[in-house]
Amino acid sequence: MVGPIKDAWNRVSDSCRYHFPCLFDPARRSAMMLKVALVALHLIYAGVLFLLDEDLIQKTKEEPWYTSLYLLLFVAALAQYFFTAGSSPGFVLDAMRVCDESDALIKRFNSEQRQSASSNNGSLPVTVDGSQFHRNRLESSTSSWTKLVMSMYPPGSSVRNWTCPFCNVVQPPRSKHCQDCDKCVLQFDHHCVWLGTCIGQRNHCRFWWYILEETVLCLWTEILYISYLKSNILRAWWNDAIIIVLLIALSFCLIFLLLLLLFHSYLVLTNQTTYELVRRRRIPYLREIPERVYPFSNGICQNVYNFCCARSSLYYLEPLPRAHEIEAKARPYTCLDILRCRCC
Ligand SMILES: [Zn+2]
Ligand SMILES: [Zn+2]
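Here the structure is a predicted model, which means the values were calculated and not measured. (Residues numbered from 1 in each chain as written. Chains lettered and ligands numbered in written order. Predicted model: local features only at pLDDT ≥ 70, side-chain atom pairs only at ≥ 80, totals over all residues.)

**Let's talk about the confidence of the model for the protein chain**
Overall, the prediction assigns the protein chain a mean pLDDT of 80, with 79% of residues at 70 or greater. Within the model, the stretch residues 107-140 combines pLDDT values under 50 with 59 contacts to residues more than four positions away or in other chains. (pLDDT = per-residue confidence, 0-100. Contact = placed C-beta atoms within 7 Å.)

**Notes on the packing of helix 2 (residues 26-52) against helix 10 (residues 237-270)**
Their axes nearest at 12 Å, the elements helix 2 and helix 10 cross at an angle of 150 degrees. Between helix 2 and helix 10, the crossing angle belongs to the class labelled roughly antiparallel. Seen along the crossing, helix 2 lies across helix 10 with a hand that is left-handed. Between helix 2, through Y45, V48 and L52, and helix 10, the contact on the second element is made entirely by N239, I242, L246 and L250. Classifying every residue of the contact of helix 2 with helix 10 by side-chain character gives six nonpolar, one polar and no charged. (Axes fitted to C-alpha atoms, helices over the stretch in contact; angles between N-to-C directions. Helix = DSSP H or I, 4+ residues; strand = E, 2+ residues; numbered from the N terminus. Parallel < 35°, antiparallel > 145°, perpendicular 65-115°, else oblique. Left-handed = near helix turned anticlockwise from the far one by under 90°. Nonpolar A, V, L, I, M, F, W, Y, C, P; charged D, E, K, R; others polar.)

**Topic: the UniProt feature "transmembrane region" (unreviewed entry) in the protein chain**
UniProt annotation of "transmembrane region" (unreviewed entry) refers to residues 33-52, 64-83, 207-229 and 241-263 when read in the numbering used here. Secondary structure within residues 241-263 divides into 100% helix and 0% strand; the distance between the first and last C-alpha atoms comes to 33 Å. (UniProt positions renumbered as here; feature names shortened; annotations may be inferred.)

**Brief notes about the nonpolar core**
Of all hydrophobic cores here, the largest spans 32 residues; its most connected members are V92, A95, M96, W145 and V185. When residues of this core are traced back to their parent elements, those giving at least two are helix 4 (64-85), helix 5 (92-101), helix 8 (141-150), strand 2 (183-185), strand 4 (197-199) and helix 9 (204-231). Looking at this core element by element, the count peaks at six residues for helix 9. (Core = buried A, V, L, I, M, F, W, Y, C linked by C-beta atoms within 7 Å. Buried ≥ 20, exposed ≤ 12 C-beta atoms within 10 Å, placed from the backbone.)

The following block contains the structure:
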């Protein structure tokens, strides 16, 4: 009797393993549990409100657009979460592969942009166009990649110093190997446990939008909870107790989200990443640069444009700024600089 039951159990187990492989991988299982927890949290907060707040239900009947807007934001925040969680941060290996497959997929800023940015703030945008790749494709992809990447470091830099010991590829400036993803990520920001993915060059913008949507949703929900408490303070005490507990937790989330949004907005304006900001003294090429100088900044407007409008099909590689450019950026601001909007 034990034999057939065991066989049946093994068959069910094999079938589950085949159809739902994520349930048997601890990392993927925990990522999935986090996603379920996030959706559940959203549903609990909105559900409690619609279950207890009779005024809100009445308002929904009178002004359906108000609740529709709230629900739209609710769905948009969740959709943005899954969209960001499922997106690629921009892996170095993928960029290297693309470099081999197409001669125009890695695009540098054009010469006009270089001139305007250099005249504004002395930054050094990179220009590698398709023709350079075309020439490089005569050699193997690895060596062309190595050549391209090494041209972004100061002359005389050793390939060995910039080769990732795990992926065995030469890392462009601003890249870092992520231990969780086990891959090198372009413009590495951080590995987000909540999203279960790295935040890098290709999904940082999506991440910023997600934080914004979540912050607005959190703020709106908090306002609805407070207005419920105000109008129902003398009614059933257990209702109030539930609402107050949820409101306190929501307030902590809101403070955290607001700080996170401000922090990432600052990173966008100055073209920095969390990793560069936190580990500045441990990154060899940033160690010597004065604290208040943003080496990769092209001015606020250009930074925001690059962040928001960079095409997701392209990989952007930024070389290290030269010594004279760092000097120009470190120069103190004068009245003339302010009039000329040097920071923009
Ligand atoms: Zn690596
Ligand atoms: Zn990662």
